[in-house]
Amino acid sequence: MDRSVALRAALIHGGSLAVLAMALAVALPRSFFEDWGWAAGPAVWAVCAAITARALRLPLMPVLGGAAVAGLASLVGVVSGVHWAGAPFGVLLLALWCGRLAAEERTQAATG
């Protein structure tokens, strides 16, 4: 586990998620999220995961796979009616996943 990468992944993913969510909230009416939130939420989550992968120079597809799993875990908050309660949990899971990926990449590079 690369803790430095995990911490940076949490900050990048969480920060980009907050910025995009606020931008969409300002730009779009509430009715959009009532009708299309089921698609917009996962799309924003994936875009932020791609930003994180790019910023940390991690492989895109494994990061997106980890984001999908972390997003499913954060769905608990959505289903329970406390939508944003699940997001920090999902960000944490993705950050741990990125830390693990970075450690694996480093090990593979060292062993050739």
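Refer to the preceding data block for the structure.
All figures in this text were calculated on a predicted structure; none of them were measured in a lab. (Residues numbered from 1 in each chain as written. Predicted model: local features only at pLDDT ≥ 70, side-chain atom pairs only at ≥ 80, totals over all residues. Heavy atoms only, no water.)

### Some thoughts on the environment of L20
This is how it is decided: Only DSSP runs of H or I with at least four residues qualify as helices, and only runs of E with at least two residues qualify as strands; both kinds are numbered from the N terminus onward. Throughout, a contact is declared for two residues whenever any of their heavy atoms are within 4.5 Å.
Here L20 shows up in helix α1 (residues 3-27). Expressed as a C-alpha distance, the spacing of L20 and A55, which sit 35 residues apart in the sequence, is 16 Å. Those residues in contact with L20 that sit more than four places away from it in its chain are V44, V47 and C48.

### Side note on the environment of R106
Short version of the rule: Exposure classes here rest on a 1.4 Å probe applied to the protein chains alone. A residue is buried below 20% of its type maximum, exposed above 50%, and partly exposed in between. We define a polar contact as two N or O atoms separated by no more than 3.5 Å, with the added condition that, inside protein, one atom must be a possible hydrogen donor and the other a possible acceptor, whereas residues neighbouring each other in sequence contribute only through side-chain atom pairs.
Along the polypeptide, R106 turns up in helix α4 (residues 86-111). Overall, the relative accessible area of 48% leaves R106 in the partly exposed class. The sequence separation of R106 and H13 amounts to 93 residues, and the corresponding C-alpha distance is 21 Å. A polar contact is formed between the side chain of R106 and the side chain of D2, at a distance of 2.7 Å.

### So, the packing of helix α2 (residues 30-56) against α4
We count it as follows: Every axis corresponds to a line fitted to the C-alpha atoms, with the helix fit spanning only the stretch in contact, and the corresponding angles, defined between N-to-C directions, vary from 0 to 180 degrees. With the far helix as reference, a near helix turned anticlockwise by less than a right angle produces a left-handed crossing, and one turned clockwise produces a right-handed crossing.
Put simply, α2 and α4 touch, their axes get as near as 12 Å, and they point 35 degrees apart. As for the relative orientation of α2 and α4, their crossing is right-handed in sense. Residues W45, A49 and T52 of α2 pack against A87, G90, V91, L94 and C98 of α4.

### Some thoughts on helix α3 (residues 60-79)
What counts, and what does not: Expected span of a helix, by definition, is 1.5 Å for each gap between consecutive residues, and there is one gap fewer than residues. Think of it this way: the bend at a residue is just the angle between two axes, each fitted to seven residues, one set ending at that residue and the other starting at it.
Over its 20 residues, α3 extends 28 Å from the first C-alpha to the last, a length consistent with the 28 Å expected when each residue adds 1.5 Å. The principal kink in α3, of about 30 degrees, is found at A73. For α3, the full list of buried residues reads V63, G66, A67, A70, G71, S74 and G77. Here the buried face of α3 lies against α2 and α4. G81 sits one or two residues past α3 and shows a positive phi near 90 degrees.

### Details of the side chain of S16
Counting through the fold element by element, S16 comes out in helix α1. For S16, a relative accessible area of 12% corresponds to the buried category. At a separation of 2.8 Å, a polar atom in the side chain of S16 contacts the main-chain carbonyl oxygen of I12. Among the polar contacts made by the side chain of S16, one reaches the main-chain carbonyl oxygen of H13 at a distance of 3.2 Å. With sequence-adjacent residues up to four places away left out, S16 is seen in contact with C48 and I51.

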